[in-house]
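Coordinate inspection notes
So the chains spell out like this:
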Amino acid sequence: MASLPQRTSAYTLKPTEVKALIFNCQNLRERIIIRLMAHCGMRREEVASIRAEKIDWTRNRISFVGKGRLPGVVPMPPDLLQDIKFFLTGRDSGWVFPAKKRMDHITLVQVNRIVTEVGKRAAIKNPNPKSKTGNIHPHLLRHTFARLCKDAGCSIETTQGLMRHASFKTTYDMYGTQDFEAVQEQYERNVLTRL
């Protein structure tokens, strides 16, 4: 039987692999960056450009400028917000992740490098067999978050809101359907037993 084509979003990390990534972070900055993508579904551009004054500490949210320069907001786990508060050490404005040599935030290349290095330390490879390097990357963490939402029983509408997709169709096309293994497992468990 020929294998079915897979979407890039079909390849995600397992929850144990996300935990291994977090465990293998060398400092608080790395841990926060990994968690913002894996636990909140933020894009690398959104992570890099977070401003301290956009954090709503009482409602557990972060506002930011997202894809297409559109405003975005995501809910945050309270323990992640505590890590950010500790990381900021009293700063209440400016970039959460400032660049060292200029008055700007860290670059997208730096975010890529952090994710790749943490992945190598954790000995986690990209699950996509077509990956040229085998390294994990920021968007893989975003796909992992979306799959976590779906597996946790979130509706497509909720997942769309958390992923901040402009179109319902984008969310449905990428995450709304089960992978074929899950379809076959349900078929064997629920349909074959009735034949």
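Residues numbered from 1 in each chain as written. Predicted model: local features only at pLDDT ≥ 70, side-chain atom pairs only at ≥ 80, totals over all residues. Heavy atoms only, no water.

Focus: the overall build of the protein chain
To keep it simple, the criterion reads: Put simply, DSSP marks the helices as runs of H or I at least four residues long and the strands as runs of E at least two long, and each gets a number from the N terminus on. In what follows, residue pairs with any heavy atoms lying within 4.5 Å of each other are defined as contacts. Note on areas: Shrake-Rupley with a 1.4 Å probe; residue coverage comes only from the protein chains shown.
For the protein chain, the helix and strand inventory stands at nine helices and three strands. Helices (α) and strands (β) of the protein chain occur, in sequence order from the N terminus, as α-α-α-β-β-β-α-α-α-α-α-α. Taking contacts inside the protein chain between residues at least 6 apart in sequence as the whole, the part at least 24 apart equals 59%. Roughly 11,600 Å² of accessible area belongs to the protein chain as shown, and the carbon and sulfur atoms make up 56% of that amount.

A few points about the sheet that holds strand β1 (residues 55–56)
Here is the rule: Pairing between two strands requires that DSSP report at least two bridges joining them.
Strand order across the open sheet formed by three strands is β1-β2-β3, with antiparallel pairing between neighbours. At either margin of the open sheet sits one strand with a lone partner, and together these are β1 and β3 (71–75). Pairing geometry for strand β2 (residues 61–65) and β3, over five bridges, is antiparallel. Following the sheet pairing, Ile62 is matched in β3 by Val74.

As for the pattern of salt bridges
In plain terms, the rule: Each salt bridge in this description consists of a side-chain nitrogen of Lys or Arg and a carboxyl oxygen of Asp or Glu lying within 4 Å of one another. Each residue is assigned to one of three classes by its accessible area relative to the maximum for its type, calculated with a 1.4 Å probe on protein chains only: buried under 20%, partly exposed between the two thresholds, exposed over 50%.
Going through the model one piece at a time under the given rule, you end up with eight salt bridges. One salt bridge connects Glu53 with Arg51, and the closest N-O pair in it is separated by 2.6 Å. With a shortest N-O distance of 3.5 Å, Glu117 and Arg113 are connected by a salt bridge. Placement of both Glu117 and Arg113 in helix α5 (residues 108–121) is noted, with a separation of four residues, approximately one turn of the helix. The exposure class of Arg113 is partly exposed, given its relative accessible area of 39%.

Remarks on the confidence of the model for the protein chain
Threshold: Within a predicted model, pLDDT stands for the predictor's per-residue confidence, ranging from 0 to 100.
Here the protein chain shows a mean pLDDT of 82. Residues at 70 or above account for 75%. Throughout residues 1–8 the model reports pLDDT below 50, and contacts reaching past four residues in sequence, or to other chains, amount to nine contacts.

Description of helix α1 (residues 15–23)
Rules: An arc is given here, and it is the one of the directions from the helix axis to the C-beta atoms.
By the burial criterion, the buried members of α1 are Val18, Leu21 and Ile22. The buried residues of α1 all sit within an arc of 95 degrees when viewed along its axis, so they share a single face. Opposite the packed face of α1, turned more than 90 degrees from it, sit the exposed residues Thr16, Lys19 and Phe23.

Looking at the packing of aromatic side chains
Counted only if it meets this: Planes of paired rings set the category: under 30 degrees apart is stacked, over 60 is edge-to-face and the rest tilted, where pairs are Phe, Tyr or Trp rings (Trp by its six-membered ring) whose centres lie within 6.5 Å. Look at NZ for Lys and CZ for Arg. If either is within 6 Å of the ring centre and within 35 degrees of the ring normal, a charge sits over the ring.
Under the defined criterion, the tally for this structure stands at one aromatic pair. Across from the ring centre of Trp95, 4.5 Å away, lies the NZ or CZ of Arg51, which sits over that ring. Lying over the aromatic face of Trp57, Lys85 brings its terminal NZ or CZ to 5.0 Å of the ring centre.

Let's talk about the nonpolar core
Defined as follows: Residues belong to one nonpolar core when they are buried, are Ala, Val, Leu, Ile, Met, Phe, Trp, Tyr or Cys, and are joined through side-chain atoms within 4.5 Å.
One finds Leu21, Leu36, Met76 and Ile84 to be the most contacted residues of the largest nonpolar core, which totals 39 residues. The set of elements that each furnish at least two residues to this core consists of α1, α2 (28–38), α3 (44–48), β2, α4 (78–88), α5 and α6 (138–151). Of the residues forming this core, the biggest block, seven residues, is contributed by α2. Residues contacting Leu21, with those up to four places away along its chain left out, are Leu13, Ile34, Val118, Gly119, Ala122, Ile124, Ile136 and Leu141.

Some points on α6
We apply this condition: Expected span of a helix, by definition, is 1.5 Å for each gap between consecutive residues, and there is one gap fewer than residues.
Between its first and last C-alpha atoms α6 spans 20 Å; for 14 residues at 1.5 Å apiece the expected length is 20 Å, and the two agree. Taking burial as the measure, the 14 residues of α6 include ten buried ones, the bulk of the element. For α6, every residue scored as buried is listed here: Pro138, Leu140, Leu141, Arg142, His143, Thr144, Phe145, Ala146, Arg147 and Cys149. Of the residues flanking the end of α6, it is Gly153, one or two places downstream, whose phi is positive at about 95 degrees.

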